[in-house]
Amino acid sequence: MTMKDEITITVTDQSGTKHILICPLEMGLTLKDICKAYELPMEAMCGGMAMCATCHCFILNEETSLPEKGDIEEALLSELFNSKSTSRLACQIYLTAQMDGLSVEIAAN
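We now turn to the structure provided with this report. Position numbers for residues start from 1 in each chain and track the written sequence from start to end. Two thresholds apply to this predicted model, a pLDDT of at least 70 for residue-level local features and 80 or more for giving and counting side-chain atom pairs, whereas whole-chain, interface and lining totals are computed over all residues. Calculated side-chain values reflect all of the structure's heavy atoms, with hydrogen atoms and water omitted.

**Points about the overall build of the chain**
To qualify as a helix, a DSSP run of H or I must reach at least 4 residues; to qualify as a strand, a run of E must reach at least 2; elements of each kind are numbered from the N terminus. Scanning the chain from N- to C-terminus turns up two helices and five strands. The order of helices and strands in the chain, counted from the N terminus, is β-β-α-β-α-β-β. In terms of principal-axis extent, the alpha carbons of the chain reach across some 45 × 30 × 25 Å. All accessible-area figures derive from a Shrake-Rupley calculation using a 1.4 Å probe, and residue coverage is judged against the displayed protein chains alone. Within the structure as shown, the chain displays about 6100 Å² of accessible surface, and the carbon and sulfur contribution to it stands at 54%. The sign given to each residue is positive for Lys and Arg and negative for Asp and Glu; His and the chain ends receive no count. To locate a charge, take atom NZ for lysine, CZ for arginine, CG for aspartate or CD for glutamate. Within the chain, one finds 7 positive and 16 negative side-chain charges whose respective centroids are separated by 3 Å.

Below, the structure is given as structure tokens:
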């Protein structure tokens, strides 16, 4: 069985528009990187350093395999007024083959 070299994820922006993103895997991109590449409305002001939480998103299908939240991500999310159990920082999610079919919603800042 060969490894996939790309996955498809669905991102819903703040206005409710769904975007289907084709994501290459060999480049080590994060969810934030691919949203920026597709010019979606995700601020990500700190550039992926887990310092600003402007890439806050909600995971819509929790059965998708994601890395565990790190302490820094957990701490930042706990300070947000609109944080939920499905909240993640897109800059902390590196895309993997297991995430094919992932569905997320960009949180309103």
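What follows continues from the structure just given.
**Thoughts on the side chain of threonine 10**
Secondary-structure assignment places threonine 10 in strand E1 (residues 6–12). With residues near it in sequence (within four places) discarded, threonine 10 still touches Lys18, His19, Ile20, Leu102, Ser103 and Val104. In this analysis, two residues are considered to be in contact whenever any of their non-hydrogen atoms come within 4.5 Å of each other.

**Section: the side chain of threonine 12**
Summarising the element assignment, threonine 12 is placed in strand E1. In this structure threonine 12 touches Thr17, Lys18, Leu60, Val104, Glu105 and Ile106, once residues within four positions along its chain are discounted.

**Comments concerning the packing of aromatic side chains**
Centres within 6.5 Å make a pair out of two Phe, Tyr or Trp rings, where for Trp the six-membered ring is used; the pair is then stacked when the planes are under 30 degrees apart, edge-to-face when over 60, and tilted otherwise. Applying the stated criterion across every chain yields a total of zero aromatic pairs. Over the face of the ring belonging to phenylalanine 58 we find lysine 84, whose NZ or CZ atom lies 4.2 Å from the ring centre. Cation placement over rings: the criterion is NZ of Lys or CZ of Arg within 6 Å of the ring centroid and within 35° of the ring normal.

**Overview of the sheet that holds strand E2 (residues 18–24)**
On the basis of which strands lie adjacent, the open sheet formed by five strands has the order E2-E1-E5-E3-E4 and mixed pairing. Whereas interior strands pair on both sides, the edge strands pair on one side only; in this sheet they are E2 and strand E4 (87–89). For this sheet, the mean inter-axis angle between neighbouring strands, taken without regard to orientation, is 35°. Two strands pair when backbone bridges link them, and E1 and strand E5 (residues 103–106) are joined in this way by three bridges, in the parallel orientation. Paired with valine 11 across the strands is valine 104, a residue of E5. To get an axis, fit a line to the C-alpha atoms, keeping to the stretch in contact for a helix; angles then go from 0 to 180 degrees between the N-to-C directions. Packed onto the sheet, helix H2 (residues 71–78) meets strand E3 (56–59) and E4 and runs at close to 120° relative to E4. Strands pair, by our definition, only if DSSP identifies at least two bridges between them.

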